[in-house]
Amino acid sequence: MATLNLTYLTGLVLQAIEQGHRYGFGIMDASGLPAGTVYPALRRLEAGGYLRSEWETEDMAAEGKRPQRRYYELTADGVVLLQSARERFRGLTLEAQTTPSPDPEMA
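Definitions and cut-offs
Residues numbered from 1 in each chain as written. Predicted model: local features only at pLDDT ≥ 70, side-chain atom pairs only at ≥ 80, totals over all residues. Heavy atoms only, no water. Helix = DSSP H or I, 4+ residues; strand = E, 2+ residues; numbered from the N terminus. Buried < 20%, exposed > 50% of the residue type's maximum accessible area, 1.4 Å probe, protein only. Contact = heavy atoms within 4.5 Å. Areas by Shrake-Rupley, 256 points an atom, 1.4 Å probe, with all protein chains shown as cover. Axes fitted to C-alpha atoms, helices over the stretch in contact; angles between N-to-C directions. Parallel < 35°, antiparallel > 145°, perpendicular 65-115°, else oblique. Left-handed = near helix turned anticlockwise from the far one by under 90°. Nonpolar A, V, L, I, M, F, W, Y, C, P; charged D, E, K, R; others polar.

1. Things to note about the overall build of the chain
Okay, so step 1: Summing up its helical and strand segments, the chain has five helices and two strands in all.
Okay, so step 2: Order of helices (α) and strands (β) in the chain, N terminus to C terminus: α-α-α-β-α-β-α.
Okay, so step 3: Burial status across the chain gives 38% buried among its 107 residues.
Okay, so step 4: Across the chain, the fraction of contacts at a sequence separation of at least 24, relative to all contacts at a separation of at least 6, is 64%.
Okay, so step 5: Accessible surface computed for the chain: about 6,300 Å², of which carbon and sulfur atoms make up 51%.

2. With respect to the packing of helix 2 (residues 24-31) against helix 3 (residues 35-47)
Okay, so step 1: For the pair helix 2 and helix 3, the least separation of the axes is 10 Å and the interaxial angle reads 120°. The angle between the axes of helix 2 and helix 3 places the two elements in the oblique class. Note on packing geometry: the crossing formed by helix 2 with helix 3 is right-handed. Residues Gly-24, Phe-25, Ile-27, Met-28 and Ser-31 of helix 2 form the contact with helix 3, whose own contacting residues are Ala-35, Val-38, Tyr-39 and Leu-42.
Okay, so step 2: Across the contact of helix 2 with helix 3, the residue classes break down as seven nonpolar, two polar and no charged.

What follows is the structure in structure tokens.
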């Protein structure tokens, strides 16, 4: 597992995923963080084994008339890392109070 510098922003990304915001733009909306912060964090977290991801099918994206989404979820190590972030950053909260839209079943 790669070593990761645990930051407040990383904690926000993990928390957004835990709360059901599972793809890039949803995580950006929930956290208030820009793409230039969210996408590199997602790559680092996945490379470190804290997240796993899966692309939705082309058919699902076509139904939504949008590009395919890559959906993320916390691994067991990701849950532990999120807990560490909450302990380290007592005020860890998402800026946006948005509710994730239901994700269609991934095939």
